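# Understanding the architecture of this molecule
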Amino acid sequence: MFNENNITALIAVFFVALVLGFFIFPSQPFCGSPAGHFLGIAGTIIMLLTLIYPFRKRVQGKKGKKNPINTHIYYGLIGPSLVVVHSGHDFSSLIGNLTFLSMLLVVLSGIVGKFLFKRVNRTLRDEKDDLAALKRLFRKRKDETAVLGCRLYLGLENAEPQEAAAGSVFSFQDTDEVAEERCRELVDIARSMAEREHAIEAFTATKNLFSRWTRMHIYLTVFLFAMILVHILTTVYYGLRWI
Amino acid sequence: MKKIVPVTSLLLVVGFSVWLFLNDKAAEPGALSHSHADAHDCETCHVPWKGVSAEMCLQCHEFTDVTNLSPELRFHETEQYCLRCHQEHRGATAKISQMDHTLLNGDLLCSQCHLDRHKGLFGQQCRECHGITTWKVQGFRHPPEDGRNCSRCHKAPRSHYDEHFWGLIENDHFQGQTQTKPIEVKECWLCHNAPPHSWRHRKMEQKL
């Protein structure tokens, strides 16, 4: 029951519920209390752990199974959930609001990236596999059939007579039902390949869009950690209430 | 060329962060109350990297001579934990005082600050029934069974002042007994039980 996808979805639901609770249970003094600070510190440490994934990926060059993204997602949901509780459901200071808002955007961009990007990536891989299989079949059929002859025979293209004469192994006189069937099959395969290529183009464009999305996720993360730093510094500068 | 966007973005973020840190208003967690609205800047109350302390409060609020203060404020003379009860930045109209009775001197009488809703009937030892963290009483607790002060709280019904009714009581319920002095209405315990027993006329041999 609790496979990785379910747990991720559960944590996502928990996070959304907390955000909703933000508007229902306002409690101003909580964030500055010992318990509130503890949750804020714990949440920040857990959020810092999310940086392990990009460090391993971009600095150490570890990708795929060597650097699974699941832990990044768990830290990226549990940490912010604690921070939401730490915030005490209170919109007060500009720095606090910016920190919270950027955290929300980072998490939401991460959730969207996780679910949509994974789907696009998977579909793109499937389409590429299909295209490769079709290409193999096309090459096989092409070796068995005279393409130029087919073009003339089926009247599909404006084939030049000299092309037909150069490449053709069978003429109008040689055609029979088997040759016609092979020619039509070749055309069908070519059409399927064209459709796949079109789909791959579309999915590749979407994937490129998502690479920009990932970049945005990274920029937002940089902004978030800058805001967290300012938030911590101002909190210490003006004095921790519980000391 | 490729690094222009990330480097520029990073510089912008750093610049914005520094501006936020230096901007007092950006860190303000809520408006000050009317009483402190004239504070010039954050450092009026906050010591950088240390925060607010009772010493900062006492620069303006003085409690060395409390004789001029109203009785309910005089305990401030000995109490110096301002921040335990007073918290700011809760909005202009917010109440910034939230009393923490656990900080108070045990010798203080509750009636010095609180109006006695029992009108003195229950005495001065409020803490026998009321807690310090909550004023709510955990259920009613009646004085002991052998208590003789019923009339402090209970009033006899009008019937008990009726001569005919009173005559019946004396004749029927104290038959054969010599009454050395006349029974008074406030001597409830002569006929009535006190809790935990029923208030009914259990002590009487027969009911009226």
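Residues numbered from 1 in each chain as written. Chains lettered and ligands numbered in written order. Predicted model: local features only at pLDDT ≥ 70, side-chain atom pairs only at ≥ 80, totals over all residues.

### Overview of the overall build of chain A
Looking only at helices and strands, one finds eight helices and zero strands in chain A. A buried classification covers 25% of the 243 residues belonging to chain A. Contacts in chain A between residues at least 24 apart in sequence constitute 80% of all its contacts with a sequence separation of at least 6. (Helix = DSSP H or I, 4+ residues; strand = E, 2+ residues; numbered from the N terminus. Buried ≥ 20, exposed ≤ 12 C-beta atoms within 10 Å, placed from the backbone. Contact = placed C-beta atoms within 7 Å.)

### A look at the interface of chain A and chain B
With 20 residues of chain A at the contact, the number on the chain B side is 20 residues. Looking at the side of chain A that touches chain B, the elements that each hand over two or more residues are helix H5 (94-144) and helix H8 (177-238) of chain A. In terms of residue count, the dominant contributor to the side of chain A that touches chain B is H8 of chain A (11 residues). Along the lines of polarity and charge, the residues of the side of chain A that touches chain B split into 14 nonpolar, six polar and no charged. (Nonpolar A, V, L, I, M, F, W, Y, C, P; charged D, E, K, R; others polar.)

### Brief notes about the confidence of the model for chain B
Overall, the predicted model of chain B reaches an average pLDDT of 80, with 89% of residues at or above 70. Our summary of model confidence lists the complex with pTM equal to 0.67 and ipTM equal to 0.70. (pLDDT = per-residue confidence, 0-100.)

### What about the environment of Asn 67 of chain A?
Residues and elements named next belong to chain A. For Asn 67, the position within the fold is in the loop between helix H3 (52-59) and helix H4 (70-86). Under the C-beta neighbour-count criterion, Asn 67 is labelled partly exposed, with 18 such atoms within 10 Å. C-alpha separation for the pair Asn 67 and Pro 54, spaced 13 residues apart in sequence, amounts to 9.2 Å. Contacts of Asn 67, omitting those with residues within four sequence positions, involve Tyr 53, Arg 56, Lys 57 and Lys 62.

### What about the environment of Gly 43 of chain A?
Residue and element names in this part refer to chain A. On the secondary structure map, Gly 43 appears in helix H2 (residues 34-49). The class of Gly 43 is buried, set by 22 C-beta atoms lying within 10 Å. Put simply, Gly 43 and Tyr 75 are 32 residues apart on the chain and 9.0 Å apart in space, counted from C-alpha to C-alpha. In contact with Gly 43, other than residues within four places in its own chain, are Gly 79, Pro 80, Leu 82, Val 83 and His 86.

### Overview of the packing of H2 of chain A against H4 of chain A
Residues and elements named next belong to chain A. The interhelical angle for the contact between H2 and H4, taken along N-to-C directions, is 160 degrees, at an axis separation of 8 Å. Here H2 lies roughly antiparallel to H4, going by the angle between them. Judged by the sense of rotation from one axis to the other, the crossing of H2 with H4 is left-handed. Touching Gly 36, Leu 39, Gly 40, Ala 42, Gly 43, Ile 46, Met 47 and Leu 49 of H2 are Tyr 75, Ile 78, Gly 79, Pro 80, Leu 82, Val 83, Val 85 and His 86, all from H4. (Axes fitted to C-alpha atoms, helices over the stretch in contact; angles between N-to-C directions. Parallel < 35°, antiparallel > 145°, perpendicular 65-115°, else oblique. Left-handed = near helix turned anticlockwise from the far one by under 90°.)

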